[in-house]
Amino acid sequence: QQQVKQSPQSLIVQKGGISIINCAYENTAFDYFPWYQQFPGKGPALLIAIRPDVSEKKEGRFTISFNKSAKQFSLHIMDSQPGDSATYFCAARKKTSYDKVIFGPGTSLSVIP
Amino acid sequence: DGGITQSPKYLFRKEGQNVTLSCEQNLNHDAMYWYRQDPGQGLRLIYYSQIVNDFQKGDIAEGYSVSREKKESFPLTVTSAQKNPTAFYLCASSIKGFGNSPLHFGNGTRLTVT
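Everything quoted here is computed from the prediction, not taken from an experiment.

1. Points about the overall build of chain A
- If you tally the helices and strands in chain A, you get zero helices and 11 strands.
- Listing every helix and strand of chain A by position from the N terminus yields β-β-β-β-β-β-β-β-β-β-β.
- On C-alpha atoms alone, chain A measures out to a radius of gyration of 14 Å, which is about the 13 Å that the 2.2 N^0.38 rule sets for 113 residues.
- If one aligns the C-alpha atoms of chain A with their principal axes, the spans along those axes are about 45 × 30 × 20 Å.
- Nonlocal contacts in chain A, meaning residues at least 24 apart in sequence, comprise 54% of its contacts between residues at least 6 apart.
- Surface summary for chain A: the accessible area is close to 5300 Å², and the carbon and sulfur share equals 51%.
- Separation between the mean location of the 13 positive side-chain charges and that of the 8 negative ones in chain A comes to 4 Å.

What follows is the structure in structure tokens.
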């Protein structure tokens with residue numbers, strides 16, 4: 001119920017290609033779905049986020065697609081660049097007495113020239 | 001620049017010793033959090049605090065303790081009771097009660113216990 005599933009665990013994409021990371025959740029109480037990007041040796045940083053009343057959100061080369069009925073959401077990185085190589089975490093936030101954020105296990109993306 | 005400072009970046013301890021990880025923020029955020037990161041497991045919440053002098057256990061609080069005596073500071077103590085303390089520890093903060101405010105993370109402390 002509290003889990004956020006994420007796939008694939010690792011991904012290798014050619015420069016200029018499309019990177020796709022998928023996530024799924026069970027708990028319908030989640031109301032906010034952020035994606036965090038983490039470079040080696042650094043803390044995660046918010047990349048893009050979406051609310052469940054929106055089916056798609058785009059920021060530059062990054063797009064979140066959200067399917068509320070299927071309880072799935074995905075991150076698409078268009079024109080992937082070597083600088084995008086990082087670990088990506090999807091997450092889901094549930095409003096309780098505090099902002100409880102559940103993270104997926106992460107996807108390690110490598111963009112090769 | 002506003003941000004979260006975690007120190008030290010690397011920490012080595014012998015088994016059986018308590019160790020304290022520092023976390024300081026100058027973002028004027030009310031809420032602060034400690035997460036533990038292990039390969040393939042994402043980030044798991046250890047403790048959180050929404051206000052000074054108050055904190056709550058997260059999902060994996062056993063073997064850890066915290067204090068929140070100042071708004072800017074939220075140190076984490078890893079005690080000898082923590083069975084598997086070697087991990088990457090992340091401190092974060094957020095604006096309490098502000099809708100979809102994101103978590104701001106520090107750059108972590110990598111703790112190795114041998």
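2. Points about the pattern of salt bridges
- The final tally for this structure, using the stated rule, is six salt bridges over all chains.
- For Asp84(A), the salt bridge is made with Arg61(A), and the minimal N-O distance between the two is 2.8 Å. Note that Asp84(A) is positioned in the loop between β8 (72–77) and β9 (86–95) and Arg61(A) in the loop between β6 (56–59) and β7 (62–67), a separation of 23 residues in sequence.
- The shortest N-O distance in the salt bridge between Asp38(B) and Arg36(B) comes to 2.7 Å.
- What makes Asp38(B) buried here is its relative accessible area of 10%.
- Here the salt bridges share partners, and the residues they tie into one network are Arg36(B), Asp38(B) and Arg44(B).

3. As for the nonpolar core
- With 25 residues, the main nonpolar core has Phe33(A), Trp35(A), Phe73(A), Leu75(A) and Tyr88(A) as its most contacted residues.
- With four residues, β9(A) is the single largest residue contributor to this core.
- Here Tyr88(A) is in contact with Gln6(A), Ile21(A), Tyr36(A), Gln37(A), Leu47(A), Phe62(A), Leu75(A), Ile77(A), Gly106(A), Thr107(A) and Leu109(A), once residues within four sequence places are set aside.
- Val19(B), Ile46(B), Phe74(B) and Tyr89(B) belong to the second-largest nonpolar core, a separate cluster that totals 19 residues.

4. What about the sheet that holds strand β1 (residues 4–7) of chain B?
Residues and elements named next belong to chain B.
- Read from one edge to the other, the open sheet built from four strands follows the order β1-β3-β8-β7, with strand pairing classed as antiparallel. With one partner strand each, in any of the chains shown, β1 and β7 (64–66) form the two edges of the open sheet. Strand-to-strand, the axes of this sheet are offset by a mean angle of 20 degrees, without reference to chain direction.
- When strand β3 (residues 19–25) meets strand β8 (residues 76–78), the two strands line up antiparallel, connected through three bridges. Across the sheet, the residue bridging to Val19 is Val78, located in β8.

5. Section: the packing of aromatic side chains
- Counted by the stated rule, this structure contains 18 aromatic pairs over all chains.
- Clustering of aromatic rings is evident, with ring pairs tying together Tyr25(A), Phe30(A), Phe33(A), Trp35(A), Phe66(A) and Phe73(A).
- Taking the ring centre of Phe74(B) as reference, the NZ or CZ of Arg68(B) above it sits at 6.0 Å.

6. Regarding the state of the cysteines
All names here are of chain A.
- Scanning all chains against the criterion turns up two disulfides over all chains.
- Across a sulfur-sulfur distance of 1.9 Å, Cys23 and Cys90 are joined as a disulfide pair. In this structure, the disulfide formed by Cys23 and Cys90 twists by about -100 degrees around the S-S bond and is classed as left-handed. Placement of the pair is Cys23 in strand β3 (residues 19–25) and Cys90 in strand β9, with a sequence separation of 67 residues.

Parameters at a glance
- Here the residue numbers are simple positions, counted from 1 along each chain's written sequence.
- Whichever chain is written first is A, and whichever ligand is written first is 1; the rest continue in order.
- Under the rules for a predicted model, residues below a pLDDT of 70 receive no local features and side-chain atom pairs below 80 are neither given nor counted, while totals for whole chains, interfaces and linings still include all residues.
- The basis for every side-chain value is the complete set of heavy atoms in the structure, and neither hydrogens nor water enter the calculation.
- Only DSSP runs of H or I reaching four residues or more are called helices, and only runs of E reaching two or more are called strands; each is numbered from the N terminus.
- For the radius of gyration, the atoms used are the C-alpha atoms, and the globule rule reads 2.2 Å times the number of residues raised to 0.38.
- Residues count as neighbours in contact if any of their non-hydrogen atoms are within 4.5 Å of one another.
- Reported accessibility uses the Shrake-Rupley method at a 1.4 Å probe radius. Residues are deemed covered only where the shown protein chains occlude them.
- The sign given to each residue is positive for Lys and Arg and negative for Asp and Glu; His and the chain ends receive no count.
- Where a charge lies is defined by one atom per residue type, namely NZ (Lys), CZ (Arg), CG (Asp) and CD (Glu).
- Salt bridges are defined as contacts in which a side-chain nitrogen from Lys or Arg sits within 4 Å of a carboxyl oxygen from Asp or Glu.
- Accessible area is worked out with a 1.4 Å probe on protein chains only. A residue is then buried under 20% of its type maximum, exposed over 50%, and partly exposed in between.
- In this description, a nonpolar core means a group of buried Ala, Val, Leu, Ile, Met, Phe, Trp, Tyr and Cys residues linked to one another through side-chain atoms lying within 4.5 Å.
- A pair of strands is treated as paired once DSSP finds two or more bridges between them.
- Note on geometry: axes are C-alpha line fits, over the in-contact stretch for helices, and angles between N-to-C directions span 0 to 180 degrees.
- Aromatic contacts are taken between Phe, Tyr and Trp rings whose centres are within 6.5 Å, Trp giving its six-membered ring; a plane angle under 30 degrees counts as stacked, one over 60 as edge-to-face, and the others as tilted.
- Only lysine NZ and arginine CZ atoms are considered, and such an atom sits over a ring when it is within 6 Å of the ring centre and within 35 degrees of the ring normal.
- The rule for a disulfide is simple: a pair of cysteine sulfur atoms within 2.5 Å.

So far we have only geometry, and geometry alone does not tell us how the molecule works.
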